[in-house]
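Architecture at a glance
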Amino acid sequence: QCHKQFFLLQRVEKMGWNGAFKKIISFLFPRYFTGKMMARSIAVSGITAQKISKCITFYKNDTIAAPAVTQTGPKPLLLLLPWLGSRPRAVDKYCEIYLKTGFDVLVVESEVTHFLWPRWGLDYGAKILDVLQSQQFISRPLLVHSFSIGGFTFAQVMLHISRKSQQYQSLTNRIHGHIYDSLVVGSVERMATGKHVTSPLL
């Protein structure tokens, strides 16, 4: 028994605690932790996909913008943050709604480790921020649509913004709206019953 424990500790030490943690989580939650995000197939013509990273994919709408989207200035970008373990077909339906109205869509998926290990979630938030501030997207008007854990992931982005508000002022000015769907808020009671908030502007 002692020999087995020593061997296990050697394995953990060799791969590092972060690597060992990922191995444990991938074993416990195989559906929510995959080495490769599932490929999506958007059923809209004139759409090209660009894989920015393992968890981030950009869908560019090459068709003529719909009347709902202004023809002046940069094309708006929809930042879509799906729920944990979301199936491609389910997320595709939301992508298609926005693509058909003339938006480009940036899908930012989350892994369970981003939530269970907040430091990694914060690092991931910084990477998302870098993408949004990259030359490809820096002038785009933004609409944010977050589901469940996606709201947590975007909160990590906002935490970075709050720490350097002046540096990211241009980014916050570009955000024209937020949609939060199926968020878990507050106490155990609220987790069970949910919480509905209506904007005073509606």
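Being a predicted model, the structure only gives us computed values, none of them experimental.

Attention now goes to the overall build of the chain. When helices and strands are counted, the chain shows 7 helices and 6 strands. Taken from the N to the C terminus, the helices and strands of the chain come in the order α-β-β-β-α-β-α-α-β-α-α-β-α. Within the chain, the fraction of its 202 residues that count as buried is 39%. Across the chain, every contact between residues at least 6 apart in sequence was considered, and the portion connecting residues at least 24 apart equals 76%. If you sum the accessible surface of the chain, you get close to 12500 Å²; carbon and sulfur atoms cover 60% of it.

Going through the model one piece at a time under the given rule, you end up with 7 aromatic pairs. Measuring from ring centre to ring centre gives 5.3 Å for Trp117 and Trp120, while their planes differ by 40°; the resulting arrangement is tilted. Trp117 gets classed as partly exposed once you look at its relative accessible area, which sits at 30%. By the ring-pair criterion, three or more aromatic residues cluster together here, those being Trp83, Tyr94 and Phe147.

Another aspect to go through is the nonpolar core. Counting 22 residues, the largest nonpolar core has Leu79, Leu106, Val108 and Leu132 as its most contacted members. Secondary structure elements with two or more residues in this core: strand E2 (56-61), strand E3 (77-81), strand E4 (104-108), helix H4 (118-132), strand E5 (142-147) and helix H5 (149-163). Considering every element that reaches this core, the biggest residue donor is H4, with 5 residues. Leave out the neighbours within four places in its chain, and Leu132 touches Leu77, Leu79, Leu106, Phe137, Ile138, Leu142, Leu171 and Arg174. Membership of the second largest hydrophobic core comes to 13 residues, among which are Ile47, Leu99, Phe103 and Val105.

Moving on, we come to the side chain of Arg140. For Arg140, the position within the fold is in the loop between H4 and E5. Within the structure, the side chain of Arg140 is placed 3.3 Å from the backbone oxygen of Lys75, a separation counted as a polar contact. With residues near it in sequence (within four places) discarded, Arg140 still touches Phe58, Pro74, Lys75, Pro76, Leu77, Asp104 and Arg174.

What follows deals with helix H2 (residues 88-100). A rise of 1.5 Å per residue sets the reference length of H2, with its 13 residues, at 18 Å; its end C-alpha atoms lie 18 Å apart and thus fit the reference within 8%. If you check which residues of H2 are buried, you get Pro88, Val91, Asp92, Cys95, Glu96, Tyr98 and Leu99. Each element contacted by the buried residues of H2 is listed here: strand E1 (47-51), E2, E3, E4, E5 and strand E6 (175-181). Trailing H2 by a residue or two, Gly102 shows a phi angle of about 100°, which is positive.

The predicted model of the chain has a mean per-residue pLDDT of 77, with 64% of residues at 70 or higher. For the stretch residues 1-9, pLDDT sits under 50, and the model shows 0 contacts to residues farther than four places along the chain or on other chains. Considering only residues more than four positions removed or in separate chains, one finds that residues 31-39, a stretch of pLDDT under 50, has 25 contacts.

Now for H4. Over its 15 residues, H4 runs 21 Å from end to end, which matches the ideal 21 Å to within 8%, given 1.5 Å per residue. Within the span of H4, buried status applies to Trp120, Gly121, Leu122, Tyr124, Gly125, Ile128, Leu129, Val131 and Leu132.

Each value, and the rule that gives it
Residues numbered from 1 in each chain as written. Predicted model: local features only at pLDDT ≥ 70, side-chain atom pairs only at ≥ 80, totals over all residues. Heavy atoms only, no water. Helix = DSSP H or I, 4+ residues; strand = E, 2+ residues; numbered from the N terminus. Buried < 20%, exposed > 50% of the residue type's maximum accessible area, 1.4 Å probe, protein only. Contact = heavy atoms within 4.5 Å. Areas by Shrake-Rupley, 256 points an atom, 1.4 Å probe, with all protein chains shown as cover. Phe/Tyr/Trp six-rings, centres within 6.5 Å; stacked < 30°, edge-to-face > 60°. Core = buried A, V, L, I, M, F, W, Y, C linked by side-chain atoms within 4.5 Å. Polar contact = N/O pair within 3.5 Å; in protein donor to acceptor, adjacent residues only side chain to side chain. Expected span 1.5 Å × (residues − 1). pLDDT = per-residue confidence, 0-100.

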